[in-house]
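Single-letter residue listing:
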Amino acid sequence: MSAPQATDVRKNVPVVPVDLSVVVPAHNEEQRLGPTLEAIVGYLGASGSRFGPWEVLVVDDGSTDGTQDVVTAVAARDRRVRLVTSPENQGKGHALRLGVLASRGRRVLVTDADLATPIEELEALDKALADGPSAAIGSRSAPGATIERHQSRARELLGRAGNFLIRRIAVPGIRDTQCGFKLFDGERAREAFAESRLRGWGIDVEILQHFRRSGWPVAEVPVRWAHQPGSKVRPWDYARVLVELTALKVRSVRPADLLAVAAFLVMAVSLYAGRWADPNHRYLPESLQDQNQWEWFFAVTADNVAHLRNPLFTALQGYPDGVNLMANTVMLGLTVPLAPVTLLLGPAVTLALVMTVGLAATATAWYRLIVKRVVRHRGAAFVGAALAAFAPPMVSHANAHPNFIVLFMIPLIIERALRLCGGERVVRNGVVLGLMLVYQIFLGEEPLLLASVGMVLFAGAYAALRPDVAKAAWRPLLKGLAIGAAVCLPLVALPLYWQFFGPQSYRSVLHGDNAGNSPLALLSFSGRSLVAGNDARASALSLNPTEQNAFYGWPLVALAFAIVVRLWEHVLVKALAFTAAAAALLSLGPRFRIPLSDSTLPGPWALLADKPLFESVIEGRVAMICAPALGMLLAVAIERLVRTPNIANQFIGLTAIAAALIPIVPAPLKSVERVEVPAFIADGTWKAYIGKDETLVPIPLPDSGNAEALHWQTAAGLKFRLPGGYFNGPYGSERIGIYTASPRYTSNMLRDISFTGRVPVIGRNWQAQARADFAYWKAGALVLPPQQYQDQLRQAVDKLVGRPGRWVGGVWVWDLHG
């Protein structure tokens, strides 16, 4: 709209409304400014009513030559030329800000004093602006642009490199940010320049960033351009622009965002407080044996990297067959880059660091997604992200499974897919999505699979509710997904081939028939809850402490139901509700028991249970999809509450939210003193018993129920090998996945004794079998640490070996060399 009529108090005459303002920043431009003003005034004067009433504002940025005199002389002939002055030179950005804020035009053109882009190009920009965008900017890089006189070759190359970096860092999608010929909608230009902060050459990028953040379209128009002698732009000014933009980026971070990130980190550190008291000597007992396993994963990957060995395989466990590391979730995306940290500080510290920082990073990623796509209110986004990352199932996995809590890539993948749905730079975003998928595969494939299920559920619901949106989105989405797949698959082809067809690969991992959630588990409280925790009930409703995959609590479920009813008119709320409900139903498994009865009903998971990839999923984990869905529902509700003018409604609503969340606030994870490594291992005594190609055989052999020997191995710097172990490997001719090495007769017998204390009759047949198994394992020595039924185990091994063991360094040792 036109600027309102005002009065020029200096002349006491009405000010004519202006359609076009031309702003020219100038600093010591005595030689070039005169011809520039003559060209501008002459062109606009000759255009008649084409551009409507106009004005030219020259901003003298503290010139020390006759720049002001040149402007004054032109202004004396044409009162539409005005001079705006700055007492000292402060930079192009400062000058433009003064000029634009002093302008009155419905449209504002900013152009450089050298008029490197001829004023006649205004017509092309004006036509582009009339088509609907909020800005039309001249471009030397858009198809159709003409460079009539080039800069020097070196200068041009430096400029291109600088402009490339600026585009990539600040305003992707705009080819030429620095061309000094831009036409803006006047009101929006004045708003953008009023909020700008930069004083130098970076002002162009800052203004374009403001337009992009505000959702104001920008058209890039090819123009004629010619390098002018005496240009004030120097090659290193591009570096200055980058410095300015970096400073701007730092200053633009909202304090609320920094506070949210800090709060997430404090929450994560508090959760692991007992572990951080002494990372190398504290153990999370509810991780069962998983802490030993994960520390071993970090240690063996670091060892492979340090010795330039294949990071996808090792024979340090499961000897002689070895371990397919790609078929185990070793998180190569973190274990490889963090190898120096592991080698320097040890795997226990690295694992603690990954789980703590990874959990905070995941919450931060959800926060970013919610702020960008769901709500603007930072407090609402914080609560939603906190629930997404610290919900009871996430805290359960925080004991033992970093692959299920270090999920910061999942929100980034979702956001990139949403960009594709909007048709935004499909090729570029498709490539980025492909690279993100590659990285997530090296962090965890099962979480990616579950996230994909959640995204499909949400997309299906949203498409059904908004077919118009789906119709517009499916083509760019499919194109972007195809590009992403074309980028991703070649990069992961070899690792995935190794995972599914390489040595020690397996078909699937069977979890039994009871891996789904009980309906009661969705309504009950986790054993990890600070206020309402109930270990006995949670244990009865879950596989183990690391697999409490639901336990959202009935107050939160009731609150979510109330939110959905109250905000049912919103499509987003309906889609989120469907996603959460469908995930909860899938998590019940192929069949689930009706609470308080012996009756069972078929569940929809039966349709997926035997399908490739899904057959290895613990179906109860599907309920983890509910966490971000519930978090977003909560964020929407909180934003609505804080904006309602009714204080009573605010109080009631926020009280209900607090009542639903307080019972599931997690307590710090339990931490205990770690079992000490026997002196036989810690002091290196074992080296006298184990040859170069031999193994150390713990009694009983390590497995998923007792993996303390993995800690021995990491404490010894991975200098000896172990038969048995705790990892996923194949069993039998069908290569079914199990959680240890393929058992042998001797390992089975020793394990049974460790559980029952009953020693079978051991005769020559058992002794012969033991000798065969020892030879298969290339055993150098058998080692029995103190434990339950140690006397029975010692008696059995004495008979198997044919001589008694010796007490050495806190363990019983049988030297198999004679």
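Residues numbered from 1 in each chain as written. Predicted model: local features only at pLDDT ≥ 70, side-chain atom pairs only at ≥ 80, totals over all residues. Heavy atoms only, no water.

The next subject is the sheet that holds strand β10 (residues 218-222). What the 7 strands build is an open sheet, ordered β5-β4-β3-β6-β9-β7-β10; its pairing is mixed. Unpaired on one side and paired on the other, β5 (81-86) and β10 mark the two borders of the sheet. Taken over all neighbouring pairs, the strand axes of this sheet differ in orientation by 20 degrees on average, direction set aside. Where strand β3 (residues 20-26) meets strand β6 (residues 107-111), 4 bridges bridge the pair, whose relative direction is parallel. Note on β6: the bridge partner recorded for Val22 is Leu109. Lying over the sheet, helix α2 (residues 67-77) contacts β3, β4 (54-61) and β5, oriented at roughly 155 degrees with respect to β5. Set on the sheet, helix α7 (residues 203-213) makes contact with β7 (135-139), β9 (181-185) and β10; between it and β9 the angle comes to about 35 degrees. (Pairing = 2+ DSSP bridges. Helix = DSSP H or I, 4+ residues; strand = E, 2+ residues; numbered from the N terminus. Axes fitted to C-alpha atoms, helices over the stretch in contact; angles between N-to-C directions. Contact = heavy atoms within 4.5 Å.)

All chains considered together, the criterion is met by 5 cavities of 30 Å³ or more. Computed from the structure, the second largest cavity encloses a volume of approximately 40 Å³. Contributing to the lining of the second largest cavity are Pro25, Lys92, Leu96, Val110, Thr111, Asp112, Cys179, Gly180, Phe181, Lys182 and Asp204. Looking at the lining of the second largest cavity, the elements with two or more residues in it are α3 (92-102), β6 and β9. The class makeup of the residues in the lining of the second largest cavity is 5 nonpolar, 2 polar and 4 charged. (1 Å grid on protein atoms, 1.4 Å probe; cavity = no way out; pocket = protein on both sides within 12 Å on 5 of 7 lines; lining within 4 Å. Points joined across faces, edges and corners; volume = space filled by probe spheres on them. Nonpolar A, V, L, I, M, F, W, Y, C, P; charged D, E, K, R; others polar.)

Interaxial distance between helix α23 (residues 554-566) and helix α25 (residues 626-643) falls to 10 Å at its minimum, and their mutual angle equals 55 degrees. As the angle between them shows, α23 and α25 are arranged oblique. Two packed elements cross with a definite hand, and for α23 against α25 that hand is left-handed. For the pair α23 and α25, the contacting residues are Leu556, Leu559, Ala560, Ile563 and Val564 in the first and Leu630, Leu633, Leu634 and Ala637 in the second. Considered class by class, the residues forming the contact of α23 with α25 number 9 nonpolar, no polar and no charged. (Parallel < 35°, antiparallel > 145°, perpendicular 65-115°, else oblique. Left-handed = near helix turned anticlockwise from the far one by under 90°.)

A full pass over the atoms with the stated rule returns 35 salt bridges. One salt bridge connects Arg528 with Asp535, and the closest N-O pair in it is separated by 3.0 Å. Asp610 is the salt-bridge partner of Lys611, the closest N and O atoms lying 3.2 Å from each other. For Lys611, a relative accessible area of 37% translates into the label partly exposed. The exposed category is assigned to Asp610, whose relative accessible area is 55%. By sharing partners, the salt bridges in this structure join Lys92, Asp112, Lys182 and Asp204 into a single network. (Salt bridge = Lys/Arg side-chain N within 4 Å of Asp/Glu carboxyl O. Buried < 20%, exposed > 50% of the residue type's maximum accessible area, 1.4 Å probe, protein only.)

Time to look at the nonpolar core. Counting residues in hydrophobic clusters, the biggest one holds 145 residues, and the most contacted among them are Phe264, Tyr272, Leu556, Phe680, Ile681 and Leu696. Other than its neighbours up to four places away in sequence, Leu696 contacts Phe680, Ile681, Trp686, Ile690, Trp712, Phe720, Arg721, Leu722, Pro723, Ala781 and Val783. If you look at the next biggest cluster of nonpolar residues, it comprises 32 residues, including Val22, Phe51, Trp54 and Val70. (Core = buried A, V, L, I, M, F, W, Y, C linked by side-chain atoms within 4.5 Å.)

A separate point is a nonpolar patch on the surface. Side chains of Leu265, Val269, Trp276, Leu353 and Val357 sit close together on the surface and give an oily, nonpolar patch of about 360 Å² of accessible area. Elements represented by at least two residues in the nonpolar patch include exactly α9 (255-271) and α14 (347-373). The residue Trp276 is located in helix α10 (residues 273-276) in this model. Residue classification places Trp276 among the partly exposed positions, given a relative accessible area of 30%. (Patch = residues over 30% accessible without salt bridge, like charges linked within 9 Å, V, L, I, M, F, W, Y side chains within 5 Å. Areas by Shrake-Rupley, 256 points an atom, 1.4 Å probe, with all protein chains shown as cover.)

The terminal C-alpha atoms of helix α17 (residues 409-421) lie 18 Å apart, and with 13 residues this matches the ideal 18 Å at 1.5 Å per residue to within 8%. In terms of burial, α17 is a largely internal element, 10 of the 13 residues being buried. Within the span of α17, buried status applies to Met409, Ile410, Pro411, Ile413, Ile414, Glu415, Arg416, Ala417, Arg419 and Leu420. Residues of α17 that are buried in the fold lie against α14, α18 (426-441), α19 (445-465) and α20 (467-501). (Expected span 1.5 Å × (residues − 1).)

Turning our attention to unusual backbone geometry. The omega torsion across Tyr319 and Pro320 is 10 degrees, close enough to zero to call that bond cis. Along the chain, the position of Pro320 falls in the loop between β13 (313-314) and β14 (323-324). Here the phi dihedral of Phe551 falls at roughly 55 degrees; this positive angle occurs in a residue that is not glycine. Assignment of secondary structure puts Phe551 in the loop between α22 (535-540) and α23. Judged by relative accessible area, Phe551 falls into the buried class, the value being 1%. Not every positive phi belongs to a glycine, and Lys778 is a case in point at roughly 55 degrees. Looking at where Lys778 falls in the secondary structure, it is placed in the loop between α30 (764-777) and β21 (779-784).

Linking two cysteines covalently via their sulfur atoms produces the bond known as a disulfide. Applying the stated criterion across every chain, the model contains 0 disulfides. Cys421 forms no disulfide, and the closest cysteine sulfur to it belongs to Cys488, at a distance of 18 Å. Under the relative-accessibility criterion, Cys421 is labelled partly exposed at 27%. (Disulfide = S-S within 2.5 Å.)

Turning our eyes to something else, we now look at the side chain of Thr342. Mapped onto the fold, Thr342 is located in helix α13 (residues 339-345). Judged by relative accessible area, which is 4%, Thr342 ranks as buried. Other than its neighbours up to four places away in sequence, Thr342 contacts Phe298, Ala299, Ala302, Pro347 and Thr350.

Time to look at the sheet that holds strand β22 (residues 806-808). The sheet built from 4 strands is open, its strands ordered β18-β21-β23-β22 with mixed pairing. Two strands in the sheet have a free side with no partner beyond their single neighbour: β18 (695-698) and β22. Taken over all neighbouring pairs, the strand axes of this sheet differ in orientation by 35 degrees on average, direction set aside. Relative to strand β23 (residues 811-815), β21 runs antiparallel, the two being bridged by 4 bridges. Bridging across to β23, Leu782 finds its partner in Trp814.

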